[in-house]
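The primary structure of each chain is shown beneath.
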Amino acid sequence: MVILLCKRLAQAFLILLGVAAITFVLLYALPADPARMIAGRSATAQTVASIRHELGLDQPLLVQFWTYLTGLLQGDLGRSYAQKTEVWTLIAARLPATLTLMAAGIFVEVVLGITFGTIAAVRRGSFVDRLVMTASFVGVSAPQFVAALLLLYVFAVTLGWFPMSGYGSFAHIVLPALTLGILGAGWYARMVRSAMIEVLNQDYVRTKGLSSRRIIFRHALPNAILPIIAMIGIDIGQFMGGVVVVEAVYGWPGIGQLAWQAIQQVDIPIIMGVTLTSALAIVAGNLLADLIAPVIDPRIRTS
Amino acid sequence: MTVLRSLFRQPSALFGLAVVLVVVVLALAAPLVAPFNPDEQMFDGLTLEGAPMPPGGQFLLGTDTLGRDLLSRMLYGARTSLIIGLVANGIAVAIGLFIGIVAGYLRGFMGNVLMRFTDLMMAFPALLLAIVLAALMKPSLWIVAMVIALVNWVQVARIVYTETRGLVERDFIMAERSLGAGHGRILLLHILPHLIPTAIVWGTLGIATTVLLEATLSFLGIGVQPPQPSWGNIIFESQSYFQAAPWLVFFPGMVILLTALAFNLVGDALRDILDPTQRGRG
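Remember, it's a predicted structure, so these values are computed and weren't measured experimentally. (Residues numbered from 1 in each chain as written. Chains lettered and ligands numbered in written order. Predicted model: local features only at pLDDT ≥ 70, side-chain atom pairs only at ≥ 80, totals over all residues.)

*Asks:* Account for the overall build of chain A, with residues named and values stated.
*Replies:* Across its full length, chain A carries 14 helices and zero strands. Ordered by position from N to C terminus, the α and β elements of chain A give α-α-α-α-α-α-α-α-α-α-α-α-α-α. Nonlocal contacts in chain A, meaning residues at least 24 apart in sequence, comprise 72% of its contacts between residues at least 6 apart. (Helix = DSSP H or I, 4+ residues; strand = E, 2+ residues; numbered from the N terminus. Contact = placed C-beta atoms within 7 Å.)

As structure tokens, this is what we get:
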């Protein structure tokens, strides 16, 4: 177990290094020039050159990457070009908002997914089952921004129940969390359904003559816990990668918004920082799923 | 043929197939069926106050903020979405097939390097990467297609890799090899044909992902650039106006949803038919 953990951690570390290297090279190779962006349109070539020198952008790629990497290994993500602040400070200030939204979204997903997945499994083959399965497909095929705009139109513009955008109170989080939750719940519902059906079809369940409530809650539902945890692990990564869109529509002041502003200003250190944070979340999510599974299910531990 | 017959037996797949057909035909026939020029800013396309016209009357789905006919723009937008869907996804499947086959067949050092690279790409925040790439390059239809292809090949590569590894172990490949067949012959005649169902399934499912990704990038203003219409940029252009003119979000949004849903339904049904071992998996 300890050896496995060390191995996985080392692997995760290497993957993050790789992500850093690829992102760095990509950003270096792209035609956007941060020095010109900072200098402004009317700046002379000399000003641009001096800014470039100041930022160290006139050095060879390898030297630049080495500087970044040595900083990174000491936990230093560099300084923002435009805001002149430590990137880590900026990200740390935005992270709570993003994590809150993520937790709320996943909560909605899991609650909806378990509820509808269970209903579908118990009544498999029925009209309700087909309805749930179809709805789950619609959910996973829907573009996030469209769902977000529609929810805004119905519940904020027309009914006025929730604020259009912003951050701070419980009312603010309802619509963004619902957007994430309703669309993502489809995956959970499908998985809960198939995990439960697997148990419901077992001979021991069919012959014991237990009450259906006992079967569902003591036998069938626990079988769905592992897949749900694995799903949450994947979801964390998915969410962090896609957070820009929801945060843009709802004006949610998280790291997605930070990244979006940075992209428009070609603020490369922030873009790097957010990309690495997202990659870290993806790796950590997968790790979480892999490590929690054997704790819950002893059968996996031995293999 | 049996594949088609099985498809027709499932109502949801049939529905998906019908929607796909309608979208393809309308996109191809856009110049014939579109009631107006999609780029023309019509004088009577705006109300006296300069607001977009609601659906109904002369403009079936209403007009946008510049007085252009929404239905015509959406019909031409279908072309954009489908072109990107086919090109981007075609490239993605091709890259995925190539890397997956090579890694699965060679194994050894090269195979390992390729698969570790694929693992690495799995840890990349795909949408964020696409947004960064699209935003920092001068966006155009082809750049968007390339960005999407660059992000989407990874899953195909992993699946193809697993299947190729399984195939390489099979007796008929061993027999072929002992008869003196070269790598090229084995790969082209014996391994690739077995992967075609996988390529078809992921090709279809991938179009759904691609259509969604293109719409998202265009919605953020970094995808297909106006005046060239795309379903995503129609919403982008009218976003600030959506409280007053919700149809400008609703209609293109529904079309994006329907198209992605249709390709997902067909792809899912194809997976069930072509690969029974995957049945019921997410």
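*Asks:* Which residues make up the UniProt feature "transmembrane region" (unreviewed entry) in chain B, and what values go with them?
*Replies:* Mapped onto this numbering, the UniProt entry annotates "transmembrane region" (unreviewed entry) at residues 82-105, 117-136, 142-161 and 244-266 of chain B. For residues 82-105 of chain B, helix accounts for 100% and strand for 0%, while the C-alpha atoms at its two ends are 33 Å apart. (UniProt positions renumbered as here; feature names shortened; annotations may be inferred.)

*Asks:* How would you sum up the interface of chain B and chain A? Please name residues and give values.
*Replies:* Listed by partner, the interface residues are 33 residues for chain B and 37 residues for chain A. Residue assignment for the side of chain B that touches chain A shows that the elements contributing at least two residues are α5 (108-122), α6 (126-136), α9 (183-219) and α11 (247-274) of chain B. It is α11(B) that contributes the most residues to the side of chain B that touches chain A, eight residues altogether. A class-by-class count of the residues in the side of chain B that touches chain A yields 25 nonpolar, seven polar and one charged. (Nonpolar A, V, L, I, M, F, W, Y, C, P; charged D, E, K, R; others polar.)

*Asks:* So what about the packing of helix α5 (residues 87-122) of chain A against helix α11 (residues 222-250) of chain A? Which residues, and what values?
*Replies:* Residue and element names in this part refer to chain A. It is at 11 Å that the axes of α5 and α11 come closest, and there the two elements cross at 135°. One way to sum up the angle between α5 and α11 is to call them oblique. Here the hand of the crossing between α5 and α11 comes out right-handed. When α5 is examined against α11, the residues T98, M102, G105, I106 and V110 are found in contact with a partner set consisting of I228, I232, D235, I236, F239 and V243. Tallied by class, residues from the contact of α5 with α11 come to eight nonpolar, two polar and one charged. (Axes fitted to C-alpha atoms, helices over the stretch in contact; angles between N-to-C directions. Parallel < 35°, antiparallel > 145°, perpendicular 65-115°, else oblique. Left-handed = near helix turned anticlockwise from the far one by under 90°.)

*Asks:* Describe unusual backbone geometry, naming the residues involved and giving the relevant values.
*Replies:* Of note, the bond from P226(B) into P227(B) is cis; its omega dihedral lies within 30 degrees of zero at 10°. Residue position: P227(B) is located in the loop between α9 and α10 (231-238). Look at V266(A): it is not a glycine, yet its phi comes out positive at around 50°. Locating V266(A) in the fold gives a position in the loop between α12 (255-264) and α13 (268-296).

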